[in-house]
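# Fold and geometry: a report
Read off the chains here:
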Amino acid sequence: MTQQSKTDLQVRKTAIAGALALLAAPTLAAELVLEEVIVTAQKRTESVQDVAATVNVVSGQDIDRFAAFDFNSIQQQTAGVTLAQPNARTNTISMRGISVDPESGVSSAVEVYWNDAIVRSDIAFNQMYDLERIEILRGPQGTLQGRTSPGGAINLITKRPSLEESEGYVQGSVSDNEGYNAQLAYGAALIPGEFAVRVAGVYDTNNGADVENISTGMDDQEIKAYSGRLTTLWQPTDTLDTQLTYQYLDRESDDPKAMSGTDLHVPGLRPTLKPQDRKALGNSDDYGNIDFHLVNLNTNWEVMDHQVTGIVAYQDSTKPAQNEIDRAYSLQYTPTEASSYQVPETKTDSISYELRVASMDNDFWNYMVGLYYQDQNTSTSFVQNGVRVDVLGLGFQTTGTLPVNSNNFAIFTFNTFDLSDTLQLEAGLRWTDYEGFRTATINYGGLTWVPPSLEPVRDQIESGFAANFPIVGIPPDQQSSSEDAFTGSVALRWDVSDETNLYASYNRGYRPSGISIVPSPDIVFLPNGVDDLLYDEETSDAFEIGSKSRLWDGRASLNTALYYQTFDGYLGFVRGVQVLNDQGKPADLPGGIVYNGDANVWGVEIDGQVLLAETWNAGGTLSYSKGEWDGASAPCNDRSPGEVLGNCDIDGEPLGGEPEWSFSLNSEYYIPLGDATEIYVRGLFKYTDDRINTEASAGFYNVATDFESYQILDLFVGWRSSDYSWDVSAWAKNLLDEDAVIFQQGPDQYDIAVSDGSYTQTNTVKERIIGMTARYNF
């Protein structure tokens, strides 16, 4: 066993021992009781301890306590959840080892909701402020949520105005990563007991991953965002309330791609770079911006012993970017004067409606029936400048449009049967009709540079290129799709005592079929043409048993779950795939390829909290998840002789690039002072196990096949008033300055053509950040 393995094993043993220690804590003062956590994970208000499923909650207080300014920060507070952003345009959510890149175009493995209405994940991956809580629902969501995602769901719930009082806060933070975060929120009852409003806003700026582009001279990377939110709450009667929420956000991000490697073409001309150097080589400066509007109208009406709920939600977003294709600046070794980059822009608008009716407080049977509809239209356009290295650096341009439209209509029911005082049965069923349309049209935009020796035949070259366009990436008979599916859930909960319950559940997930979106003329070189881009539907069946307990007279909680999930046609996705063109040279297939394969996942989850003393609390979550492909193969860049597209056997390989083990621990201890103030120290620790690299070039061109495990420790010290009206803290995130590699992508097509692959794009965890926060609540 290696020293690294011994260290990882010891860390895991420590985490398990810490969780079990909650059971063995000595009896202390009985007046200390954990605050009850209320959720709406099952479309009704209930204690999280009464939900027959795994639900983790990150409270608004925890978001503030750990200075979690953006959505990515949430993964530090919970195990088994990975929130990844390899670049400013792409983001991935993984839960229980199941994930998918939203740029793949497939339905998400983990869906995101904002005040119970579905939103694109790229809307979530932004600044957070003035939130009530975040609910993390694990496992297939086959009944009650807007989409039947197989991995889980995350629901961000904003703070409501108070109908009784005026309150709010101001908060400012500064940090040594050129960071500044300012937040403000204020709510007032304009008509006490009937009508209230709340406004909130944030301004945030920092230096991102702090990458310097040594080719362009850009050495001041900046990510800047601002957002505002307005919420109104109208309650004309005790049985009717309506909440309207509007939010706007604008974020601008410099996005240089850090590279690592050694120049194999002319040693010493380009520098030798390590991942920790955080240096980019591209001959242009990448960026990735987003702005969006969200509107959410939520109405609840109690009538005739039923609750009628209606949710109308609208979102629109615009996401422009620039991506340098020649990431290693290899074209400087060719005679070309042409540039090589892509400028995509994605626009999305979506509207959804949900109407449900639920019985209230029946003795034996409580039911819910509902209708759901969503209409989403997404359009991506791009301009791409390319270079033919094999034709003296000839430069040309292509343009493209990729509309993707979907309509989902669903009917669902959820029923609860109180079989006895201690036994409860839940059963749900959902029928969903999926209608979709997508296409990809690539047009020729003209020559951008012609070598002087070819200038006399420019017109012939122009006409030769133009003759190959337009390229219709998806044939007309594949552009529209229609399918439907039944999903559902069954759960049995037994209240062993007032403090402990056991449950067993079954859930079914589903994701519809489709076609990979590859905006490139090189798809003509695929072995079966566009048919190689088609993928089938995915179904999954999940089984879970668990327990939820209140211990030590209410001072501790311990929840456990064991699950097993099988997939028929799991939707895998791989980036960085290259196909051999008509010159026998590798050509990038931007966007990536979706493929099917059978798979299974099983795992264990534990979470707990404990009040160790009046001034000392602790908590943590632990996750073990093991997913494997079962007799599957995937597109890759390992080609046998005669193959233009590699196909690798992945039977028994890990399902995705997620860690098997992860855990998060937190604790706070404070000391009261004699002047109605207190000082405190707070810690947050996250361990992430080693994991595989899912990029198509993993194992080739010095691209790592695995990423090593790593640990992140955040530390906070502060002084606050005993009534929490003000708080001043100093903090360090990644205190030990961990610099593990978390993403690596193979060489681009120009780097391979010129130097047989010298440089890879490599991301590391963010370096240590030290900062201060001051907050005043009123």
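The coordinates are above.
Described in the following lines is the structure provided in the data block. (Residues numbered from 1 in each chain as written. Predicted model: local features only at pLDDT ≥ 70, side-chain atom pairs only at ≥ 80, totals over all residues. Heavy atoms only, no water.)

Turning next to the packing of aromatic side chains. In this structure the tally under the stated criterion is 25 aromatic pairs. With a centroid separation of 5.4 Å and an interplanar angle of 75°, the aromatic rings of Y570 and W629 are classed as edge-to-face. With Y570 in strand 33 (residues 556-574) and W629 in strand 37 (residues 616-629), the pair connects residues that are 59 residues apart, well separated along the chain. For the pair Y570 and W629, a shared accessibility class is recorded, and that class is buried. Members of the aromatic cluster, each reached through a chain of ring pairs, are F364, W365, Y367 and F417. Over the face of the ring belonging to Y670 we find R720, whose NZ or CZ atom lies 5.3 Å from the ring centre. (Phe/Tyr/Trp six-rings, centres within 6.5 Å; stacked < 30°, edge-to-face > 60°. Helix = DSSP H or I, 4+ residues; strand = E, 2+ residues; numbered from the N terminus. Buried < 20%, exposed > 50% of the residue type's maximum accessible area, 1.4 Å probe, protein only. Lys NZ or Arg CZ within 6 Å of the ring centre and 35° of its normal.)

At the junction of F469 and P470, the peptide bond is cis and its omega measures out at 0° in the coordinates. Note on placement: P470 falls in the loop between helix 4 (458-466) and strand 27 (471-472). Backbone geometry at R96 places phi at a positive 55°, although glycine is not the residue there. Within the secondary structure, R96 is located in the loop between strand 5 (92-95) and strand 6 (98-100).

Spatially, five strands are ordered 14-18-17-47-46 in an open sheet, and the strand pairing comes out mixed. The open sheet has two free edges, formed respectively by strand 14 (212-213) and strand 46 (741-745), since each of these has just one partner strand. Strand direction decides the pairing type here: strand 17 (residues 258-261) and strand 18 (residues 279-280), joined by two bridges, are antiparallel. Paired with A258 across the bridge in strand 18 is A280. (Pairing = 2+ DSSP bridges.)

Together, D536, E537, D568, D598, D630, D649, D651 and E653 make up a region of like negative charge exposed at the surface. Structurally, D568 is set in strand 33. Accessibility expressed as a relative area gives 49% for D568, which makes it partly exposed. (Patch = residues over 30% accessible without salt bridge, like charges linked within 9 Å, V, L, I, M, F, W, Y side chains within 5 Å. Areas by Shrake-Rupley, 256 points an atom, 1.4 Å probe, with all protein chains shown as cover. Salt bridge = Lys/Arg side-chain N within 4 Å of Asp/Glu carboxyl O. Lys, Arg positive; Asp, Glu negative; His and termini not counted. Charge placed at Lys NZ, Arg CZ, Asp CG, Glu CD.)

On to the nonpolar core, then. Counting 49 residues, the largest nonpolar core has L447, L533, L589 and W629 as the members making the most contacts within it. Mapped onto this core, the elements with two or more residues apiece are strand 6, strand 24 (394-418), strand 26 (441-449), helix 4, strand 33 and strand 36 (593-613). Setting aside residues no more than four positions away along its own chain, L589 makes contact with V518, D522, I523, L526, V577 and V579. Among the nonpolar cores identified, the runner-up in size contains 26 residues, and I74, V119, I134 and I136 belong to it. (Core = buried A, V, L, I, M, F, W, Y, C linked by side-chain atoms within 4.5 Å. Contact = heavy atoms within 4.5 Å.)

Next up on the list: the sheet that holds strand 4 (residues 81-84). Pairing within the open sheet is antiparallel, and its three strands lie in the order 4-5-6. Lying at the two open borders of the sheet, with one neighbouring strand each, are strand 4 and strand 6. Averaged over neighbouring strand pairs, the angle between their axes works out to 10° when direction is ignored. (Axes fitted to C-alpha atoms, helices over the stretch in contact; angles between N-to-C directions.)

Attention shifts here to the pairing of strand 7 (residues 110-114). Counting buried positions along strand 7 yields five of five residues, so the element is predominantly enclosed. As paired strands, strand 7 and strand 10 (residues 152-158) are joined by five bridges and run parallel to one another. Residue E111 lies in a different strand from strand 10, and its bridge partner there is A153. Here three bridges tie strand 7 to strand 8 (residues 117-119), and the two strands are oriented antiparallel to one another. Within strand 8, the residue paired with Y113 across the bridge is I118.

Below, the discussion takes up the environment of R270. Relative to the helices and strands, R270 is located in the loop between strand 17 and strand 18. In this structure, the C-alpha to C-alpha distance between R270 and I214, residues 56 residues apart in sequence, is 9.9 Å. Contact partners of R270, with chain neighbours within four places excluded, come to D263, A328, Y329, S330, Q332, Y333, D751, S755, S758 and Y759. Here the side chain of R270 touches A328 through a polar contact of 2.7 Å, landing on its backbone oxygen. There is a polar contact of 3.1 Å between the side chain of R270 and the side chain of S330. (Polar contact = N/O pair within 3.5 Å; in protein donor to acceptor, adjacent residues only side chain to side chain.)

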